[in-house]
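What follows is the residue order along each chain.
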Amino acid sequence: MKEPDEKKIAALVKKLLVELGEDPERDGLKRTPLRVAKSLAFLTRGYRQNLKAVVNNAKFASGTNHMVILKDIELYSLCEHHMLPFYGRCAIGYISKGKVLGVSKLARIVDMFARRLQIQERLTEEIADAVMEESGAEGVGVVIRAKHLCMMMRGVEKQNSEMTTSAVLGSFRSDEKVRSEFLSLIR
Ligand code: ZN
């Protein structure tokens, strides 16, 4: 996918400011349209990334099939309903089948899908599918806990509610013991 045209986005933001009753020519707003354009390009750069390039073959042989856990991965995304941020933490666990992924690659996978317009449920599933695909694991579990500004700033204005979503694949789905080990390790 090609890079977004920042000039075009800036022109749209300028129109938006006028429609909102602002004067886009006043000092404080003069450079805002371009800043917003650059910011949006950054926050959606996940559309221009792909899994193979992100993981870049950082896979390492591992003898035993043990559970690998990475938790408290910071996550920032935009909800697709309001284009407002949601943010929180992600935990990923998987049981390797002979190879493990570089730890930083797990965080990069999270970012690749978070830097798109998302809903938390789909984000969780996409991360789980990607880890499964790249690691060839026997099972994967992903849990995301996040706060949504569209709930906190508008609508129901619930400041402290946090949404939890999970996706489990393979042995994490079929084996109760594996699943509860995962859940207790990320608590
Ligand atoms: Zn929303």
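For clarity, every value in this text was computed on a predicted model and none was experimentally measured.

K.L.:
Please explain the overall build of the protein chain as it appears in this structure.
P.N.:
Looking only at helices and strands, one finds 8 helices and 7 strands in the protein chain. Across its three principal axes, the protein chain shows a C-alpha extent of roughly 65 × 35 × 20 Å. When burial is assessed residue by residue, the protein chain has 41% of its 187 residues classed as buried. Accessible surface, the protein chain as shown: approximately 10700 Å² in total, 54% of it carbon and sulfur. Seen as two clouds, the 31 positive and the 24 negative side-chain charges of the protein chain have centres 3 Å apart.

K.L.:
Explain the coordination of the zinc ion here, please?
P.N.:
Geometry reference: four tetrahedral donors at a metal, ideal angle 109.5 degrees. Six octahedral donors, ideal angles 90 or 180 degrees. The protein atoms donating to the zinc ion are Cys 79 (SG), His 82 (ND1) and Cys 150 (SG), with metal-donor distances spanning 2.2 to 2.3 Å. Spacing between the donor residues of the zinc ion along the chain follows C-x2-H-x67-C. With Cys 79 in strand β2 (residues 67-79) and Cys 150 in helix α6 (residues 149-152), this residue pair connects regions lying 71 residues apart in the sequence. Of the two residues, Cys 79 and Cys 150, neither departs from the other in class, the shared state being buried.

K.L.:
Can you walk me through the layout of surface pockets in this structure?
P.N.:
Empty pockets left among the atoms are what a rolling probe the size of a water molecule brings to light. Size it by volume and the largest pocket reaches roughly 370 Å³. Counting only elements with at least two residues in the lining of the largest pocket, the list comes to α1 (6-19) and α2 (32-43). Ranked by residue count, the leading element in the lining of the largest pocket is α1, at 5 residues. Class assignment for the residues of the lining of the largest pocket results in 12 nonpolar, 2 polar and 1 charged.

K.L.:
For this particular structure, what's the right way to read the pairing of strand β3 (residues 85-95)?
P.N.:
Consecutive side chains of a regular strand alternate in pointing toward one face of the sheet and then the other. Burial analysis of β3 places 8 of its 11 residues in the buried class, the great majority of the element. Of the strand pairs in this sheet, β2 and β3 are connected by 10 bridges, and their pairing is antiparallel. When the sheet's bridge partners are listed, Glu 74 is paired in β3 with Arg 89. Between β2 and β3, which pair antiparallel one after the other, the connecting turn spans 5 residues, and Met 83 there sits at a positive phi close to 55 degrees. In this structure, β3 lies alongside strand β6 (residues 139-148), joined through 10 bridges in antiparallel fashion. Looking at β6, one finds that Gly 88 is bridged to Ala 146.

The rules behind these values
- Residues numbered from 1 in each chain as written.
- Predicted model: local features only at pLDDT ≥ 70, side-chain atom pairs only at ≥ 80, totals over all residues.
- Heavy atoms only, no water.
- Helix = DSSP H or I, 4+ residues; strand = E, 2+ residues; numbered from the N terminus.
- Buried < 20%, exposed > 50% of the residue type's maximum accessible area, 1.4 Å probe, protein only.
- Areas by Shrake-Rupley, 256 points an atom, 1.4 Å probe, with all protein chains shown as cover.
- Lys, Arg positive; Asp, Glu negative; His and termini not counted.
- Charge placed at Lys NZ, Arg CZ, Asp CG, Glu CD.
- Donors = N, O, S within 2.8 Å, 3.2 Å for Na, K, Ca; no water.
- 1 Å grid on protein atoms, 1.4 Å probe; cavity = no way out; pocket = protein on both sides within 12 Å on 5 of 7 lines; lining within 4 Å.
- Points joined across faces, edges and corners; volume = space filled by probe spheres on them.
- Nonpolar A, V, L, I, M, F, W, Y, C, P; charged D, E, K, R; others polar.
- Pairing = 2+ DSSP bridges.

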